[in-house]
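The chain contents come next:
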2 protein chains.
Amino acid sequence: MSRPLCAGLVFALLAVLAIERGSRPARAGAPEGIVGPQYTPDGKLVRPSGYRKWVFLSSGYGMSYSESASNSDHLMFTNVFVPPADYDYFLEHGTWPDKTLFVLEMYGSESKGSINRHGHFQTELMGLDVEVKDAARFPDKWAYFGFDAAQPSSEGLSPGKNDCWKCHDQNAAVEHTFVQFYPALLSVAKSKKTIKEGVKLP
Amino acid sequence: MSRPLCAGLVFALLAVLAIERGSRPARAGAPEGIVGPQYTPDGKLVRPSGYRKWVFLSSGYGMSYSESASNSDHLMFTNVFVPPADYDYFLEHGTWPDKTLFVLEMYGSESKGSINRHGHFQTELMGLDVEVKDAARFPDKWAYFGFDAAQPSSEGLSPGKNDCWKCHDQNAAVEHTFVQFYPALLSVAKSKKTIKEGVKLP
C-alpha cells in the first residue's frame, strides 16, 4: 500500500471516529447513511448530508413572521426536507419520532433570467437551518442550528429556550414544526388530531 | 370468501389489467412501485402516484415565460419532482434515461395566514403537469400531459410538436428539461457539458 493512500485511510478513520454517532441505529426503510443527527465530540451538529434525496415537505417564497416587510424583489426561497423514515412515521402517527431532523434550505432568487419574465426561480444555496428532536441530548427536546452554504458543523443557537425554540413552541402546529405551512402534512395532522390547542391555522 | 370481498378482488384485478405497463421493468434503486410511465388501454397517461417521495428538483413562485404579467398577489408555486433512479442517472450522465417522468405540481398560495405576515406559502394542490420521455411510444420522444387536482388519467396535449414541445425543444437547457431553473442539476449539466447549444442560461 502506497504511503499517500495509507495516510488517506488513517485520515478517513480519524474522521469517522471524530463523529459521535447518535444512539439510534439506521432505521428500517431509511436510505443508507441516514441515522439521525450526528454530533462532533465538542457537541456541534454535523451538517446533514444527502438531504436532497429526503422527502420535500413544501417551499415558501420570502416568508416572514415579522410585521416589518422587506422591499427586496429578490427574496429567499425556503425548501424543507425530512428523512423518509421520519416522514413515514408522521403519516402513521401525526407526530415526529425522536431523532427527527428538519432541514430548511435557503435559496437566493431571480425573476428575469433565461426565458423567465415574471415571478421567481431559485438560484444559489445561501444556507441551512436545521431543527433536531433529540430528547436524550436536549432537556428541551428540540434544538436549532444554522449553517452557511458550506459550513461542516454548527454549535447551534444558545441552548434551551432561545427565540427559535420559543416561537416554534408557541406557534408551530405540531410539536415544534410548522405543519400549517406543509399542506400534505396538515391534513394528516387534522385527521390524527395532533395539532396543538390554540395554534392559529391558515 | 364473502361476496363483497370477492367482488372487490375482481374489481382490483380488472383495475390492474386496465393499466398497460411500460416496457421497462422496475429499475434497481427505484422505490417500490415506480416503473416509469403507465398508460391506459386507450393511450392516456395514468396519473403518477407516490411522487411526493421522489426527488425534489426545485420550486418557483409565479414563474411566467410570457411578457404579459399577472397582477395577482396569490400566484402559484410550482414544485418539480423526478423518480430517484432518473435523478441518479442524471447525476452520472447529465442526461435523462428513456422513460423519465417529470411531475410539476401547481399549488395555490397565501401571504397572510397563521403567523405569516409577508411573502408566500403553499396552500392547496391545483393540478399537475407531467412530461414523459418515451421514445418507443412518441415519435418526438417527449410528451406533455395535464391533470387537475384529482384526475386519474390524461390524454395529454395534441401529439407531437405542440406548443409545450416546441418551447421545451427550443429553450430547455438539457434535452426537454429546464435544468437552468434547477440549481443542483445545472452544475452537473455544466460539468458533463450536456447543455444544448444556444440556450440562454440565467
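Residues numbered from 1 in each chain as written. Chains lettered and ligands numbered in written order. Predicted model: local features only at pLDDT ≥ 70, side-chain atom pairs only at ≥ 80, totals over all residues.

1. A word on the overall build of chain A
Item 1. For chain A, the helix and strand inventory stands at 4 helices and 7 strands.
Item 2. Secondary structure elements of chain A occur, N-terminal to C-terminal, as α-β-β-β-α-β-β-β-β-α-α.
Item 3. For chain A, buried positions account for 34% of its 202 residues.
Item 4. Look at the contacts in chain A between residues 6 or more apart in sequence, and 48% of them connect residues 24 or more apart. (Helix = DSSP H or I, 4+ residues; strand = E, 2+ residues; numbered from the N terminus. Buried ≥ 20, exposed ≤ 12 C-beta atoms within 10 Å, placed from the backbone. Contact = placed C-beta atoms within 7 Å.)

2. Looking at the environment of R137 of chain B
Residue and element names in this part refer to chain B.
Item 1. With respect to the helices and strands, the residue R137 is situated in the loop between strand 5 (118–133) and strand 6 (142–148).
Item 2. Judged by local crowding, R137 falls into the partly exposed class, with 17 C-beta atoms found within 10 Å.
Item 3. C-alpha separation for the pair R137 and G43, spaced 94 residues apart in sequence, amounts to 9.6 Å.

3. Re the relation of the copies chain A and chain B
Item 1. Overlaying chain A on chain B yields an RMSD of 0.0 Å, the required transformation being a rotation through 180 degrees with an accompanying axial translation of 0.0 Å. When the rotation and shift are considered jointly, the pair of chain copies conforms to a two-fold rotation axis. Across chain A, the smallest distance between a C-alpha and the rotation axis is recorded for F56 of chain A, namely 3.1 Å.
Item 2. Take the interface residues of chain A: 100% of them recur as interface residues in chain B, which is what a same-surface contact looks like. (Least-squares fit on C-alpha atoms with pLDDT ≥ 70 in both.)

4. Describing the interface of chain A and chain B
Item 1. Opposite the 42 residues of chain A that make contact, chain B presents 42 residues.
Item 2. Sorting the residues of the side of chain A that touches chain B by element identifies strand 2 (55–64), strand 3 (77–82), strand 4 (101–110), strand 5 (118–133) and helix 4 (183–192) of chain A as the ones contributing at least two each.
Item 3. For the side of chain A that touches chain B, the element with the most residues is strand 2 of chain A, which contributes 9 residues.
Item 4. Among the residues forming the side of chain A that touches chain B, the class breakdown is 17 nonpolar, 18 polar and 7 charged.
Item 5. Where strand 2 of chain A lies against strand 5 of chain B, 3 bridges are found, and the strand directions are antiparallel. In the sheet register, Y61 of chain A faces strand 5 of chain B, and the bridge partner there is H120 of chain B. (Nonpolar A, V, L, I, M, F, W, Y, C, P; charged D, E, K, R; others polar. Pairing = 2+ DSSP bridges.)

5. What to know about the pairing of strand 5 of chain B
Item 1. As paired strands, strand 4 (residues 101–110) of chain B and strand 5 of chain B are joined by 9 bridges and run antiparallel to one another. Bridge assignment links E105 of chain B to a residue of strand 5 of chain B, and that residue is L128 of chain B.

6. A few points about the environment of Q170 of chain B
Item 1. If you trace the backbone, Q170 of chain B turns up in helix 3 (residues 163–171).
Item 2. Here the alpha-carbon distance between Q170 of chain B and V199 of chain B, two residues 29 residues apart in the chain, equals 7.6 Å.

7. What about the confidence of the model for chain A?
All names here are of chain A.
Item 1. Residue-level pLDDT values for chain A average 86, and 83% of them are 70 or greater.
Item 2. Taken as a whole, residues 1–26 scores under 50 in pLDDT and shows 22 contacts with residues more than four places along the chain or in a different chain.
Item 3. Confidence estimates for the predicted assembly give a pTM of 0.85 and an ipTM of 0.84. (pLDDT = per-residue confidence, 0-100.)

8. A few points about helix 4 (residues 183–192) of chain B
Residue and element names in this part refer to chain B.
Item 1. Regarding helix 4, the residues found buried are L185, L186 and A189. Summarising the axial view, the buried residues of helix 4 lie within an arc of 110 degrees, below the 170-degree limit, and thus occupy one face. Of the exposed residues in helix 4, the ones pointing more than 90 degrees away from its buried face are S187 and S191.
Item 2. For helix 4, the secondary structure elements touched by its buried residues are strand 2 (55–64) and helix 2 (84–93).
Item 3. One or two positions beyond helix 4, positive phi appears at K193, with a value near 55 degrees. (Arc of directions from axis to C-beta.)

9. Observations concerning helix 2 (residues 84–93) of chain A
Residues spaced three or four apart along an α-helix face the same direction, because each turn holds 3.6 residues.
All names here are of chain A.
Item 1. For helix 2, the full list of buried residues reads A85, D86, Y87 and F90.
Item 2. Residues of helix 2 that are buried in the fold lie against strand 2, strand 3 and helix 4.
Item 3. One or two residues past the end of helix 2 sits G94, with phi positive at roughly 75 degrees.

10. Points about the nonpolar core
Item 1. In terms of nonpolar packing, the biggest core is built from 72 residues, with F81 and V130 of chain A together with F81 and V130 of chain B touching the most fellow members.
Item 2. In this structure, F81 of chain A is in contact with Y51, W54, V55, F56, L57 and V103 of chain A, ignoring residues within four places of it in sequence.
Item 3. By size, the runner-up hydrophobic cluster in this structure holds 10 residues, among which are L75 and M76 of chain A together with Y61 and Y107 of chain B. (Core = buried A, V, L, I, M, F, W, Y, C linked by C-beta atoms within 7 Å.)

11. Description of the pairing of strand 6 of chain B
Across a regular strand the side chains alternate sides, sitting on one face of the sheet and then on the other.
Residues and elements named next belong to chain B.
Item 1. When you tally the buried positions in strand 6, you get 5 out of 7 residues, the bulk of the element.
Item 2. With 7 bridges joining them, strand 5 and strand 6 adopt antiparallel strand pairing. Its bridge partner lying in strand 6, G127 is registered against D148.

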